[in-house]
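If you want the building blocks of each chain, they are given just below.
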Amino acid sequence: MTIAALVLFVAYESVKTLLFPGLSVISSHVITVMVVTIMTFFVSRYAFRRYSAALVEINRQTEMTEETNRLLSAVLATMREGVLIVNSDMRIVLYNDAAARAMKLPSTIRGKEGEQASGQAFSDISRLGALTPSPIQPFPSPRFDPYRLVDATRDPLINSAFRRALDEGESVEARVDMAAPEARSFQLNVAPLGRNLAVGVFFDITQLERLERVRREFFANLSHELRTPLTAILAYAETLLDGAIDDRENNVRFIEKLRKHAARMSEMISDISDLAAIESGKVKLAPSAVRLRSIVAETFNLTEARHEKSNVTFSSSVPDNLFVMADRARLEQILCNLIDNAVKFNRPGGSVTVTADAREGSVAIHVEDTGIGIASSDLPRVFERLYRADKSRSRKIEGSGLGLAIVKHLVQAHGGEVSATSEIGRGSRFTFTLPLAAAQDAAAHLGEFN
Ligand code: ATP
Ligand code: MG
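The rules we used
Residues numbered from 1 in each chain as written. Chains lettered and ligands numbered in written order. Predicted model: local features only at pLDDT ≥ 70, side-chain atom pairs only at ≥ 80, totals over all residues. Heavy atoms only, no water. Helix = DSSP H or I, 4+ residues; strand = E, 2+ residues; numbered from the N terminus. Buried < 20%, exposed > 50% of the residue type's maximum accessible area, 1.4 Å probe, protein only. Contact = heavy atoms within 4.5 Å. Near = heavy atom within 4 Å. Polar contact = N/O pair within 3.5 Å; in protein donor to acceptor, adjacent residues only side chain to side chain. Areas by Shrake-Rupley, 256 points an atom, 1.4 Å probe, with all protein chains shown as cover. Nonpolar A, V, L, I, M, F, W, Y, C, P; charged D, E, K, R; others polar. Expected span 1.5 Å × (residues − 1). Axes fitted to C-alpha atoms, helices over the stretch in contact; angles between N-to-C directions. Parallel < 35°, antiparallel > 145°, perpendicular 65-115°, else oblique. Left-handed = near helix turned anticlockwise from the far one by under 90°. Salt bridge = Lys/Arg side-chain N within 4 Å of Asp/Glu carboxyl O. Patch = residues over 30% accessible without salt bridge, like charges linked within 9 Å, V, L, I, M, F, W, Y side chains within 5 Å. pLDDT = per-residue confidence, 0-100. Pairing = 2+ DSSP bridges.

Moving on: the overall build of the protein chain. Along the protein chain, the regular secondary structure elements total 12 helices and 12 strands. Counting only residues that meet the buried cut, the protein chain has 37% of its 450 residues in that class. Counted over contacts in the protein chain with a minimum sequence separation of 6, partners at least 24 positions apart contribute 61%.

Here it is in structure tokens:
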């Protein structure tokens, strides 16, 4: 640069001497100063423009980076999958809230003062600096002492998956079970991120595995439930063919058994298709204001007729002016199933009580019995299709385990919830909610009946 300026100056002096040989020293200096000033002006202007353009570009880049960081932070925070980035020292440089929930890490949700609720601001991508733009570098901040992965989780599978991804530069997959804070299963995929980082994504597969188990058990139970009446039908048919048809004393009894088992199968199949239709939303409800007290009384009569020998007493305490918004036939089906269970699983001399109370905009209806009760391990599962608690005892009592699944879906289709509490040997209490009918709907209902 200096040599170029020197050559330029010598060239300029030579041209000037050649063009103006008689120029005095002072005039020569004046001309030189003027030329240098003009050139400095143009060069500065050019440099200034370049500088301004560079500044604008830097600002644009900074805004873009901040925007990217904001988006990335938001995406990470809302992700249901846990994300964890670990550096080559096996220290966590970034994690999101889902990962914090699964491991011993402070929450990433900001507190009132804008700082993290506890611990360091791991989820704040901007503090990760070197993460964007690529190439990705290890976490550089000297103020920041990242957690060790081993402190967050001692699970050898997780630690070795990150170690392998970092050492071998290859993706690693593992299935991880965590016991605390609650039992959950994860599919962990760890992939190298640049040379010094590895990113692990934890997919929560707890629910997926539960559904898979329920599905497997459903088909196992279904074939069992169908096989029982089918075997009986085949056996009675063969007995009749083998000559019992001419046995005047027993043939009608056998045919009656055939009919009973066939009816059970047909009932079960219609329950299954009913359930499938309710689940898929194909069943259209026609809600209207229904007087709860009268429908409970009707259901009691129906159940009493079905279980003549049950020796169970019925009582209800439902206010006369309580109206719910429900599809009348479906509400009857819900109550029938619950009251039927309350009688079936009761003890001789026991009782079934239906009560109801109105809450904010909804009505809670309780069906309580003094029966055998349900073990706490079975209680969360009784609403599953074909699930029957206490298999040995339930087998003796007729039923296929579909009633409560139908109840659950019907209640949900009405916008309500169903739950159960129980004590073994003392009884059970099933509660479901339905929307409370608005005053004008109830008045319209009364009008229809006047
Ligand atoms: P279905 O209703 O299809 O005729 P089910 O009565 O056996 O057959 P659900 O009504 O779905 O089936 O009930 C599932 C299981 O929950 C029952 O088999 C029983 O073990 C248990 N259960 C339900 N209600 C009660 C109750 N009131 N007391 C004790 N156990 C109950
Ligand atoms: Mg039932």
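The local shell around ligand 1 holds 21 residues, among which Asn341, Lys344, Asp369, Gly401 and Leu404 are the closest. Contacts to ligand 1 include Ser400, whose backbone N or O atom sits 3.0 Å from an oxygen atom. Bound to the protein, ligand 1 loses 95% of the 590 Å² it would expose on its own. Every element with two or more residues in the shell around ligand 1 is listed here: α9 (328-344), α11 (403-413) and β12 (427-435). Classifying every residue of the shell around ligand 1 by side-chain character gives 10 nonpolar, eight polar and three charged.

Here helix α6 (residues 206-241) spans 52 Å end to end across 36 residues, near enough to the 52 Å set by a 1.5 Å rise per residue. Burial in α6 covers these residues: Val214, Phe218, Asn221, Leu222, Glu225, Pro229, Ala232, Ile233, Tyr236 and Leu240. Gly243, located one to two residues past α6, shows a positive phi value of around 130°.

Backbone geometry places Met90, a non-glycine residue, at a positive phi of 60°. Its place among the elements puts Met90 in the loop between β1 (82-87) and β2 (92-95). The buried category is assigned to Met90, whose relative accessible area is 13%. The backbone of Leu386 shows a phi angle near 65°, a positive value even though the residue is not glycine.

So, about the packing of helix α1 (residues 2-19) against helix α2 (residues 25-78). Two numbers describe how α1 lies on α2: the axes approach to 12 Å, and their chain directions differ by 135°. The angle between α1 and α2 places the two elements in the oblique class. Here α1 and α2 pass one another in a crossing that is right-handed. Contacts between α1 and α2 involve Phe9, Tyr12, Glu13 and Lys16 on the former and, on the latter, Ser28, Ile31, Thr32 and Val35. Across the contact of α1 with α2, the residue classes break down as four nonpolar, two polar and two charged.

Our next topic: the pattern of salt bridges. Applying the stated rule across the entire model yields 28 salt bridges. Arg213 is paired through a salt bridge with Glu217; the nearest N and O atoms lie 3.8 Å apart. Of this pair, Arg213 and Glu217 both sit in helix α6, four residues apart, which is roughly one turn of the helix. According to the relative accessible area criterion, Glu217 is partly exposed, its value standing at 27%. Residues Arg359 and Asp357 are paired through a salt bridge, measuring 3.4 Å at the closest nitrogen-oxygen approach. Within the structure, one salt-bridge network assembled from shared partners comprises Arg210, Arg213, Glu217, Arg381 and Glu384.

To continue, consider a nonpolar patch on the surface. Residues Leu8, Val15, Leu19, Phe20, Leu23, Ile31, Val35 and Met39 make up a contiguous nonpolar surface patch of roughly 690 Å² in combined accessible area. Contributions of two or more residues to the nonpolar patch are made by α1 and α2. Mapped onto the secondary structure, Val35 falls in helix α2. The exposure class of Val35 is partly exposed, given its relative accessible area of 31%.

This part takes up the packing of helix α7 (residues 251-279) against α11. With their axes 10 Å apart at the nearest point, α7 and α11 run at an angle of 25° to one another. One finds that α7 runs roughly parallel with respect to α11. For the element pair α7 and α11, the recorded crossing hand is left-handed. Facing α7, whose interface residues are Asp271, Leu275, Ile278 and Glu279, α11 presents Ala405, Ile406, His409 and Leu410. Broken down by class, the residue content of the contact of α7 with α11 amounts to five nonpolar, one polar and two charged.

It is worth spelling out the confidence of the model for the protein chain at this point. Of all residues in the protein chain, 88% attain a pLDDT of 70 or more, and the chain-wide mean is 84. Throughout residues 110-143 the model reports pLDDT below 50, and contacts reaching past four residues in sequence, or to other chains, amount to 65 contacts.

What follows deals with the pairing of strand β10 (residues 362-369). Regular strands place side chains that alternate from one sheet face to the opposite one. A large share of β10 lies buried, amounting to seven of its eight residues. Here strand β9 (residues 351-359) pairs with β10 via eight bridges, running antiparallel. In the sheet register, Val352 faces β10, and the bridge partner there is Asp369. Taking the residues that link successive antiparallel strands as the turn, the β9-β10 hairpin has two residues, and the phi of Gly361 there is positive, at about 70°.

Attention shifts here to the sheet that holds strand β3 (residues 172-178). Read from one edge of the open sheet, five strands run β2-β1-β5-β4-β3, paired in antiparallel fashion. The open sheet is flanked by β2 and β3, the only strands paired with a single partner. Each strand of the sheet is rotated relative to its neighbour by a mean of 25°, with strand direction disregarded. Taken together, the eight bridges between strand β4 (residues 184-193) and strand β5 (residues 197-204) define a ladder with antiparallel strand orientation. Its bridge partner being in β5, Gln187 is matched across the sheet by Phe203.

Further remarks concern the pairing of β12. Most of β12 is tucked away, with seven of its nine residues classed as buried. The pairing of β10 with β12 spans seven bridges and is antiparallel. For Ser362, the partnering residue across the bridge sits in β12 and is Pro435. Two strands pair when backbone bridges link them, and strand β11 (residues 418-423) and β12 are joined in this way by six bridges, in the antiparallel orientation.

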